[in-house]
Amino acid sequence: AIMHGLGCWFDVDFLGTQAHVTLTTSPESAGTHWYQCRLLLREPIAVNATQTISGNLHFIANSKISYTITMDLELDGTTIVSSNVIHLQDQMYHYLQTAAADTAANYDYSNTAAPSS
């Protein structure tokens, strides 16, 4: 297979004293206003089914209220490497999911009981 980059998202656990809440931007989860992003390599890497990739993502906060990411990947056991510098503020997002807030805003309230006085 040809590896063109990485698909990324994050999960955050909020461990409160009263509740444990997880925020996830996984593609399998309900949409949020944060989205997954793709981090493309400058040069794709050919990877066989038995091979592994390793590397680093180095995030630096920038003046655009975003991050600049330096991505370095290597095909383990070889001298094949690829890298790129990605400016997250320049990502083109494709909104394929309905954000959770949009879902709540479009909820059909017609079958709910009116509050009693």
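**With respect to the overall build of the protein chain**
Working step 1: Per the secondary structure count, the protein chain includes 1 helix and 7 strands.
Working step 2: Ordering the α and β elements of the protein chain from the N terminus gives β-β-β-β-β-β-β-α.
Working step 3: Contacts in the protein chain between residues at least 24 apart in sequence constitute 48% of all its contacts with a sequence separation of at least 6.
Working step 4: Carbon together with sulfur atoms contributes 56% to the accessible area of the protein chain, which is approximately 9000 Å² in total.

**Considerations on the packing of aromatic side chains**
Working step 1: Taken as a whole and assessed by the stated rule, the structure comprises 1 aromatic pair.
Working step 2: The interplanar angle of 80° and the centroid separation of 5.9 Å between the aromatic rings of F59 and Y67 together place this pair among those described as edge-to-face.
Working step 3: The exposure class assigned to Y67 is partly exposed, which follows from its relative accessible area of 41%.

**A closer look at the sheet that holds strand 5 (residues 53-61)**
Working step 1: The antiparallel open sheet is built from 3 strands, whose spatial order is 5-6-7. This sheet does not close on itself; its edge strands, each paired only once, are strand 5 and strand 7 (81-87). Mean inter-strand twist for the sheet, computed between neighbouring axes without regard to direction, equals 10°.
Working step 2: Bridge count between strand 5 and strand 6 (residues 67-75): 9 bridges; the pairing is antiparallel. By the bridge assignment, S54 is partnered in strand 6 with E74.

**A word on a nonpolar patch on the surface**
Working step 1: A cluster of nonpolar side chains, contributed by L57, F59 and Y67, occupies part of the molecular surface with about 290 Å² of accessible area.
Working step 2: In this structure, Y67 sits in strand 6.

Conventions adopted
- Residues numbered from 1 in each chain as written.
- Predicted model: local features only at pLDDT ≥ 70, side-chain atom pairs only at ≥ 80, totals over all residues.
- Heavy atoms only, no water.
- Helix = DSSP H or I, 4+ residues; strand = E, 2+ residues; numbered from the N terminus.
- Contact = heavy atoms within 4.5 Å.
- Areas by Shrake-Rupley, 256 points an atom, 1.4 Å probe, with all protein chains shown as cover.
- Phe/Tyr/Trp six-rings, centres within 6.5 Å; stacked < 30°, edge-to-face > 60°.
- Buried < 20%, exposed > 50% of the residue type's maximum accessible area, 1.4 Å probe, protein only.
- Pairing = 2+ DSSP bridges.
- Axes fitted to C-alpha atoms, helices over the stretch in contact; angles between N-to-C directions.
- Patch = residues over 30% accessible without salt bridge, like charges linked within 9 Å, V, L, I, M, F, W, Y side chains within 5 Å.
- Salt bridge = Lys/Arg side-chain N within 4 Å of Asp/Glu carboxyl O.

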